[in-house]
Amino acid sequence: MEAEGLTNEQTDKVLQFQDLTGIEDMNICRDVLMRHQWDLEVAFQEQMNIREGRPTMLTASTDVRAPAVINDRFLQQVFSANMPGGRTISRVPSIGPMPRSFTGILGYVINFVFQYFYSTLSGIVRAFINLGGGNEPRIVSDPLADVMKFIREYHERYPEHPVFYQGTYAQALNDAKQELRFLLIYLHKDPTQNPDVESFCRDTLSSRPVIDYINAHTLLWGCDVSTPEGYRVMQTLTVRTYPLMVMISLRANRMMVVGRFEGDCTSEELLRRLQSVITVNEVWLSQARADRLERNFTQTLRRQQDEAYEQSLLADEEKERQRQRERDAAREVIEAEERARRDIELRKEEIARQKIELANLVPQEPAPDAADTIAVVFKLPDGTRLERRFQQTNSILDVYHFLFCHPASPDEFEITTNFPKRVLYSKAAIDAAECSVNETYSKTLKDVGLKHREVLFVNDLEA
């Protein structure tokens, strides 16, 4: 089974289905399971419906349309009551035993020929009358009711019989085509008026070997030709004599009549004829099963390939999205760095502009011998020492302007004393307390406690 493209799980289901149903042909088991998406429970339930004669779930509606059936006698095996194994009760009345005299023999032959041609001519006349509208039209209003009535009446008269398909002719055709099974059609005519029909039903169809073979190898559909449904099928299949059984099977992708069983025969002969027709035409169903399996395998493979392609496509799309996210993140980093660089440059430009503007606000350095001066030594972060004299009345802001405008001074700084350490000026502290800006700026060097000579430290706040 693995060579046929089935997995171990599917092979196990085929074996389980075979055990449950008793179907010997594993190909049939496989096809039924494939048709039901490998649902073992659903497939088994439908098989039970078929055995009980109920329509399958595939054609549950009575409005289904029957597929066309090719009825060509040159393409079918035809068996009649006149062939070996056949028997007839309602043929042309017996003309008695064969006479021994020449005159008697001549009369016997003439009488036989006359009765034969009379029977044939009367049949032709009846056929033309039927074609010419001699029979009133029959409208099929409820085909399922016609079939169920036939099954009920047949069972009451002949309790032992094969399982009849409990559905319309169209349903039976569709199910046989879908399941790749032989469809056996039986057309029934009043047995009280047709001794051949009575004999066929009571003796032949009630035989246990015939019942078992028909149930195992075919779908059996029957109807009475007196009902609209049976009459319609009778016209379709061109019935010449009763009882009539017709075997229909799929052949070269077309539903075709492959066997015709006309008249009464023994159960052994019917079984032989059925086996002959099925043996000859089984190759077509086997080929159809193989083609269907190949199509299903191809469809499954294509579906798997499509799914794999979709998954690959989704994976590629996800990779592309990831790469795009990485590119976006890298671009954002570059843009952030560029913005930071521009901000630094703008800030440097702004500081340079401020230094130019504030240079004019730096007070003149007093003379060495000027009164009320303070000599201040500034220690810059890079170790540079700056010396500058200020008036005691100069403000802390004047000191800031001097340091800020000096090329060696940092851009952000604070001015502190050494010991005890006091912060005389801090740009960050002033920015944090805007309300005290004017008060801080207005303090003089004398107000902050600076005297004749001081050492102040300039601390870089950006270091």
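Fair warning: this is a prediction, and the values are worked out from it, not measured in the lab.

Basis of the calculations
Residues numbered from 1 in each chain as written. Predicted model: local features only at pLDDT ≥ 70, side-chain atom pairs only at ≥ 80, totals over all residues. Heavy atoms only, no water. Helix = DSSP H or I, 4+ residues; strand = E, 2+ residues; numbered from the N terminus. Buried < 20%, exposed > 50% of the residue type's maximum accessible area, 1.4 Å probe, protein only. Contact = heavy atoms within 4.5 Å. Areas by Shrake-Rupley, 256 points an atom, 1.4 Å probe, with all protein chains shown as cover. 1 Å grid on protein atoms, 1.4 Å probe; cavity = no way out; pocket = protein on both sides within 12 Å on 5 of 7 lines; lining within 4 Å. Points joined across faces, edges and corners; volume = space filled by probe spheres on them. Nonpolar A, V, L, I, M, F, W, Y, C, P; charged D, E, K, R; others polar. Core = buried A, V, L, I, M, F, W, Y, C linked by side-chain atoms within 4.5 Å. Axes fitted to C-alpha atoms, helices over the stretch in contact; angles between N-to-C directions. Parallel < 35°, antiparallel > 145°, perpendicular 65-115°, else oblique. Left-handed = near helix turned anticlockwise from the far one by under 90°. Expected span 1.5 Å × (residues − 1). Arc of directions from axis to C-beta. Salt bridge = Lys/Arg side-chain N within 4 Å of Asp/Glu carboxyl O.

Comments concerning the overall build of the chain
Broken down by element type, the chain carries 13 helices and 13 strands. Looking at the chain residue by residue over its 463 residues, the buried ones come to 38%. Here the contacts in the chain between residues at least 6 apart in sequence split such that 68% fall between residues at least 24 apart. Carbon and sulfur atoms make up 54% of the accessible area of the chain, which totals about 26,900 Å².

Some details on the layout of surface pockets
Each pocket or cavity is described by its volume, and for the second largest pocket that value is around 590 Å³. Lining the second largest pocket we find 25 residues, and of these Arg181, Asn215, Ala216, His217 and Thr218 sit closest to its centre. Within the residue set of the lining of the second largest pocket, elements represented by two or more residues are helix H3 (40–51), helix H8 (208–217), strand S5 (218–224) and helix H10 (267–359). Class assignment for the residues of the lining of the second largest pocket results in 13 nonpolar, 6 polar and 6 charged.

Concerning the nonpolar core
For soluble globular proteins, nonpolar side chains are generally found buried alongside one another. Among the nonpolar cores identified, the biggest contains 55 residues, and Ile185, Tyr186, Leu187 and Trp221 are the most heavily contacted of them. Looking at which element gives the most residues to this core, the answer is H10, with 7 residues. One finds Ile374, Val376, Phe378 and Ile415 within the second-largest nonpolar core, a separate group that totals 25 residues.

Concerning empty space enclosed by the protein
Across all of its chains, the model carries 2 cavities of 30 Å³ or more by this definition. In this structure, the largest cavity encloses a volume near 50 Å³. Around the largest cavity, the lining residues are Val376, Phe378, Phe390, Ile396, Val399, Ile415, Leu424, Leu445, Leu450 and Leu456. Only strand S9 (373–379) and helix H11 (396–405) provide two or more residues apiece to the lining of the largest cavity. Broken down by class, the residue content of the lining of the largest cavity amounts to 10 nonpolar, no polar and no charged. Ile28, Val32, Gln47, Glu179 and Arg181 are the residues that line the second largest cavity. Broken down by class, the residue content of the lining of the second largest cavity amounts to 2 nonpolar, 1 polar and 2 charged.

Some points on the packing of H10 against H11
The contact between H10 and H11 brings their axes to 9 Å, and the two run at 130 degrees. Put simply, H10 runs oblique to H11. Every pair of crossing elements has a handedness; the one defined by H10 and H11 is left-handed. On H11, the residues touching Ile351, Gln354, Lys355, Leu358 and Ala359 of H10 are His401, Phe404 and Cys405. Per-class residue counts for the contact of H10 with H11 are 5 nonpolar, 2 polar and 1 charged.

Examining helix H1 (residues 8–21)
For H1, built from 14 residues, the straight-helix expectation of 20 Å at 1.5 Å per residue is met to within 8% by its first-to-last C-alpha distance of 20 Å. Every buried residue of H1 is accounted for by Thr11, Val14, Phe17, Gln18 and Thr21. Angular distribution of buried residues about the axis of H1 spans 120 degrees; they occupy a single face of the element. Of the exposed residues in H1, those oriented more than 90 degrees away from the buried face are Asn8, Glu9 and Asp19. Looking one or two residues beyond H1, the residue adopting positive phi is glycine 22, at roughly 80 degrees.

Quick look at the pattern of salt bridges
Within this structure, the stated rule accounts for 25 salt bridges. A salt bridge links glutamate 262 to arginine 73, with the nearest nitrogen and oxygen atoms 3.4 Å apart. Highlighted residues: glutamate 262 in strand S7 (residues 254–262) and arginine 73 in the loop between strand S1 (69–70) and strand S2 (77–79), separated in sequence by 189 residues. Measuring nitrogen to oxygen at the nearest pair gives 3.9 Å for the salt bridge that ties arginine 181 to glutamate 179. If you follow the salt bridges from partner to partner, you end up with Glu338, Arg341, Arg342 and Glu345 in one network.

Here we look at the packing of helix H5 (residues 143–157) against helix H9 (residues 228–237)
Contact pair H5 / H9: the axes reach a minimum separation of 7 Å and the direction vectors enclose 95 degrees. Between H5 and H9, the interaxial angle falls into the category roughly perpendicular. Here Pro143, Asp146 and Val147 of H5 lie close against H9, whose contacting residues are Pro228, Glu229 and Arg232. Split into classes, the residues belonging to the contact of H5 with H9 amount to 3 nonpolar, no polar and 3 charged.

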